[in-house]
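So you can see what is in the structure, the chains are spelled out below.
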Amino acid sequence: MSLTTGIVGLPNVGKSTLFNAITNGDALAQNYPFATIDPNTGVVEVNDPRVDKLVEIFHPKKTVRATFEFTDIAGLVKGASRGEGLGNQFLGNIRNTDAIIHVVRCFENSDIISYNGRPVDPVSDVTEINLELILSDLDVLQKRLEKVERKALTTKDKQSLIEVSALKKLIAGLQDEKMAKTVELSYDEKNAARDFNLITMKPIIYVGNVDEESYADPYANPHFKALADFAKENNSECIPISALIEEELSRVTPEERREYLEALGTTQTGLDKITFAAYHILGLRTFFTGGEDEVRAWTFHDGMSAPECAGVIHSDFQTYFLKAEVYSYDDLMTYGSELAVKENGKMMTVGKDYLVKDGDILYIRSAAKKK
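Everything numeric in this text was worked out from a predicted model, so none of it was measured. (Residues numbered from 1 in each chain as written. Predicted model: local features only at pLDDT ≥ 70, side-chain atom pairs only at ≥ 80, totals over all residues. Heavy atoms only, no water.)

(A) Examining the nonpolar core more closely. Counting residues in each nonpolar core, the largest one holds 81 residues, and the members touching the most others are F70, L170, Y206, V207 and I274. Other than its neighbours up to four places away in sequence, F70 contacts T5, I7, F19, I22, T23, N40, T41, G42, V44, I101, L271 and I274. (Core = buried A, V, L, I, M, F, W, Y, C linked by side-chain atoms within 4.5 Å. Buried < 20%, exposed > 50% of the residue type's maximum accessible area, 1.4 Å probe, protein only. Contact = heavy atoms within 4.5 Å.)

Shown next, in the form of structure tokens:
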């Protein structure tokens with residue numbers, strides 16, 4: 001299970017600079033609109049310090065970390081929902097992601113061109129993009145309603161009637177300029193809405209791109225504070241990042257990076273902050289498998305059972321699941337070895353009802369062998 005996110009924002013807010021820094025990619029970053037025309041995709045490893053500790057204990061032949069896929073999508077402009085700029089292409093790309101990382105300018109720099117010519121105003125910038133996303137979703141829903149409403153009224157099919165109800169509620173909300181995720185739906189309507197693939201139903205992480213002077217105390221920056229207040233009011237995550245600092249960090253050695261971060265008063269890179277926020281907002285957790293052959297981190301959704309997590313490894317493991325041996329990462333750190341964990345009664349044998357926890361180390365027993 002690889003996490004996928006789309007990095008979006010108005011032109012010239014630092015999107016591609018940030019993308020290049022966190023993926024060590026080579027997306028074109030230039031000071032003019034639409035420098036990014038085709039989506040640039042980069043896959044990065046999740047920096048989970050627990051993996052390093054597991055490697056020290058197991059000394060595996062191979063180490064596999066969880067991954068995070070970023071797609072840098074062309075800058076959005078007013079009218080994108082009607083095809084302005086690269087609107088339709090942009091909106092099509094963003095529908096295929098798990099979450100949206102919305103980069104917003106929170107710095108002053110007279111050398112950076114503002115595509116709309118107005119002063120730095122994070123909330124206005126966010127509102128402009130959100131409105132385009134709302135209009136795009138509204139168009140999708142209205143077209144879908146035209147197709148299904150007549151059938152629902154004619155056949156009285158229960159599922160179709162539920163879908164029509166969800167469509168009408170969502171359309172009303174969007175017409176009131178609300179994001180789809182804020183519209184109240186019943187349990188059945190929410191299930192129906194999953195098939196609509198709405199952009200405004202996706203979780204959003206607002207990234208305030210601040211200057212280096214504001215990095216240590218971003219809330220002293222009035223632009224970032226305004227963005228953070230907006231995000232809080234809309235139940236979204238908001239984190240400060242300096243794209244230029246991230247770019248500098250991407251060019252130095254790990255030791256130099258550590259020293260640089262310490263000088264800034266932090267231990268986390270921008271990628272670490274984004275990863276933590278994305279895992280939190282999407283309800284994602286990590287379990288591990290470990291041994292002499294391999295240590296691997298696996299991403300799963302909070303609340304998944306042992307068989308479902310076995311399915312993350314391989315679908316056959318879920319289908320033919322028998323049981324699993326489970327112990328926690330914390331217990332392994334306490335006792336120092338897998339054998340010591342077992343001798344101290346901290347290893348459990350669990351069945352199909354067990355809900356996997358973040359940091360669990362699993363050994364799946366299945367009637368099928370991985371192909």
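There's plenty left to go through after this.
(B) Structural view of the sheet that holds strand β6 (residues 204-209). Read from one edge of the open sheet, six strands run β2-β4-β1-β5-β6-β7, paired in mixed fashion. Only two strands of the sheet have a single partner each, and these edge strands are β2 (40-45) and β7 (237-241). Averaged over all adjacent pairs, the angle separating strand axes in this sheet is 25 degrees, with direction ignored. Here strand β5 (residues 99-105) pairs with β6 via six bridges, running parallel. Paired with I100 across the strands is I204, a residue of β6. Across the sheet, helix α8 (residues 222-233) touches β5, β6 and β7, and the angle it forms with β7 is around 160 degrees. (Pairing = 2+ DSSP bridges. Helix = DSSP H or I, 4+ residues; strand = E, 2+ residues; numbered from the N terminus. Axes fitted to C-alpha atoms, helices over the stretch in contact; angles between N-to-C directions.)

(C) Inspection of the packing of helix α4 (residues 122-155) against α8 at higher detail. At a closest axis distance of 8 Å, the pairing of α4 and α8 adopts a crossing angle of 45 degrees. Here α4 lies oblique to α8, going by the angle between them. Mapping the contact onto sequence places P122, V123, V126, T127 and N130 in α4 and H223, A226, L227 and F230 in α8. For the contact of α4 with α8, the per-class residue count stands at six nonpolar, three polar and no charged. (Parallel < 35°, antiparallel > 145°, perpendicular 65-115°, else oblique. Nonpolar A, V, L, I, M, F, W, Y, C, P; charged D, E, K, R; others polar.)

(D) Structural view of the side chain of H223. When you line up the elements, H223 lands in helix α8. At a separation of 2.9 Å, a polar atom in the side chain of H223 contacts the side chain of E108. Those residues within four positions of H223 in sequence are excluded, and the remaining contacts are C106, E108, V120 and P122. (Polar contact = N/O pair within 3.5 Å; in protein donor to acceptor, adjacent residues only side chain to side chain.)

(E) Looking closely at unusual backbone geometry. For H59, which is not glycine, the phi dihedral falls at a positive 50 degrees. Residue position: H59 is located in the loop between α2 (49-58) and β3 (62-64). A positive phi angle, close to 55 degrees, is found at N235, a residue other than glycine.

(F) Geometry of the pairing of strand β8 (residues 284-289). Where burial is concerned, most of β8 is hidden: five out of the six residues are buried. Relative to strand β9 (residues 294-301), β8 is paired through six bridges, and the arrangement is antiparallel. Bridge pairing in β9 places R285 opposite F300.

(G) Highlighting the packing of aromatic side chains. Per the stated rule, a full pass over the model turns up six aromatic pairs. Relative to F300, the ring of F287 has its centre 5.7 Å away and its plane inclined at 55 degrees; by these criteria the two rings are tilted. Linking F287 in strand β8 with F300 in strand β9, this pair joins segments that are 13 residues apart in sequence. Like F287, the residue F300 is buried in the burial classification. Ring plane angle 40 degrees and centroid distance 6.4 Å describe the contact between F288 and Y329, whose orientation is recorded as tilted. With F288 in strand β8 and Y329 in helix α14 (residues 329-335), the pair connects residues that are 41 residues apart, well separated along the chain. The exposure classification of F288 matches that of Y329, with both residues buried. The rings of F287, W298 and F300 are connected pair by pair, giving a single aromatic cluster. (Phe/Tyr/Trp six-rings, centres within 6.5 Å; stacked < 30°, edge-to-face > 60°.)

(H) Region of the structure containing the confidence of the model for the chain. With 89% of its residues at a pLDDT of at least 70, the chain reaches an overall mean of 86. Low confidence marks residues 26-37, where pLDDT is under 50. Its contacts with residues over four positions away, or in another chain, come to 33 contacts. (pLDDT = per-residue confidence, 0-100.)

(I) Representation of the pattern of salt bridges. Scanning all chains against the criterion turns up 17 salt bridges. Residue R50 pairs with D48 through a salt bridge whose shortest N-O separation is 2.9 Å. Looking at R50, the relative accessible area reads 18%, which means it is buried. A salt bridge links R50 to D358; its shortest N-O distance comes to 3.0 Å. Of this pair, R50 sits in helix α2 while D358 sits in the loop between β11 (348-350) and β12 (360-366), and the two are 308 residues apart along the sequence. (Salt bridge = Lys/Arg side-chain N within 4 Å of Asp/Glu carboxyl O.)

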